[in-house]
Amino acid sequence: MKGHSNPTIRTTADGDRVGPRMHLAVKLAQSVYPSKKQLAERVGPNGSLDYGYRIVDRCIRKGLISRPDPSHPAAEVRGKGAVVVTAKGRRYLRSHDVDVDGD
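Counting starts from 1 at the beginning of each chain's written sequence and moves along it residue by residue. In view of the model being predicted, local features appear only for residues whose pLDDT reaches at least 70, and side-chain atom pairs are presented and counted only at 80 or more, with totals across whole chains, interfaces and linings using the full set of residues. Computation of side-chain values covers all heavy atoms of the structure but excludes hydrogens and water.

1. A closer look at the packing of helix H2 (residues 36-43) against helix H3 (residues 49-61)
To obtain each axis, a line is fitted to C-alpha atoms, and for helices this fit is confined to the stretch in contact; angles are then taken between N-to-C directions over 0 to 180 degrees. For the purposes of this entry, the term helix denotes a DSSP run of H or I that reaches at least four residues, the term strand denotes a run of E that reaches at least two, and both are numbered from the N terminus. In contact at an axis separation of 7 Å, H2 and H3 are set at 110 degrees when each is read in the N-to-C sense. Relative to H3, the element H2 is oriented roughly perpendicular. Note that H2 runs across H3; the crossing there is right-handed. Of the residues in H3, those touching H2 at Lys-36, Lys-37, Leu-39, Ala-40, Glu-41 and Val-43 are Leu-49, Gly-52, Tyr-53, Ile-55, Val-56, Asp-57 and Ile-60. Residues of the contact of H2 with H3, tallied by class, amount to 8 nonpolar, 1 polar and 4 charged. Relative orientations are named as follows: roughly parallel for angles under 35 degrees, roughly antiparallel for angles over 145 degrees, roughly perpendicular for angles from 65 to 115 degrees, and oblique for any other angle. Crossing handedness is read from the near helix: turned anticlockwise from the far helix by less than a right angle, it gives a left-handed crossing, and turned clockwise, a right-handed one. We call two residues contacting when some pair of their heavy atoms lies within 4.5 Å. Residues are grouped as follows: Ala, Val, Leu, Ile, Met, Phe, Trp, Tyr, Cys and Pro are nonpolar; Asp, Glu, Lys and Arg are charged; every other residue, Gly included, is polar.

What follows is the structure, given as structure tokens:
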């Protein structure tokens, strides 16, 4: 189906494709998640960690959210670190009419 466009798939300024669950992960990461696991549980369908980790990892690879940062003040003590939205993630959210924290 050439020329077909999916309205739930968004793109970044760099042309990276962002699906609905990735979009949710980027929006949620604005509030700082104390661990990658907590964010994965939130975005995985029905709390699926396996699928949730894949979503979060795609967001990290595309530079929309940070890698877990153990030195972040909000990092969970037993976790690998907090995850937050990156500058690229904030630009992406702004370009899709999402209110961005700090604006």
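2. Brief notes about the pattern of salt bridges
Basic side-chain nitrogens of Lys or Arg form a salt bridge, by our definition, when they fall within 4 Å of a carboxyl oxygen of Asp or Glu. On inspection of all chains with the given rule, the structure shows 5 salt bridges. In this structure, the salt-bridge partner of Lys-88 is Asp-14, at a minimum N-O distance of 3.1 Å. With Lys-88 in helix H4 (residues 87-95) and Asp-14 in the loop between strand S1 (10-11) and strand S2 (17-18), the pair connects residues that are 74 residues apart, well separated along the chain. For Lys-88, a relative accessible area of 16% gives the class buried. Lys-36 serves as the salt-bridge partner of Asp-57, at 2.5 Å between the closest nitrogen and oxygen. Residue Asp-57 is found in helix H3, and its partner Lys-36 is found in helix H2; the two are separated by 21 residues along the sequence. Shared partners join several salt bridges into a network, and the residues in it are Asp-14, Asp-16 and Lys-88. Whether a residue is buried, partly exposed or exposed follows from its accessible area with a 1.4 Å probe, protein chains only, as a fraction of its type maximum: under 20%, in between, or over 50%, in that order.

3. Some words on unusual backbone geometry
Trans is the prevailing form of peptide bonds, just as negative phi is the prevailing case for residues other than glycine. Residue Val-32 is not a glycine yet carries a positive backbone phi of 60 degrees. Relative to the assigned elements, Val-32 resides in the loop between helix H1 (20-29) and H2. Overall, the relative accessible area of 26% leaves Val-32 in the partly exposed class.

4. Describing the environment of Lys-88
On a C-alpha basis, the gap between Lys-88 and Gln-30 in space is 12 Å, while along the polypeptide they are 58 residues apart. Ignoring any residue separated from it by four or fewer positions in sequence, one finds Lys-88 in contact with Thr-12, Asp-14, Asp-16, Lys-62, Gly-63 and Leu-64.

5. Things to note about H4
Residues separated by three or four positions in an α-helix point in the same direction, a consequence of the helix having 3.6 residues per turn. Residues of H4 that are buried: Lys-88, Gly-89, Tyr-92 and Leu-93. For H4, the buried positions fall inside an angular range of 135 degrees around the axis, keeping them on one side. Where H4 is buried, its residues touch S1, S2 and H1. The positive-phi residue at the C-terminal boundary of H4 is Asp-97, with phi of around 55 degrees. Along the arc lie the directions from the helix axis toward the C-beta atoms.

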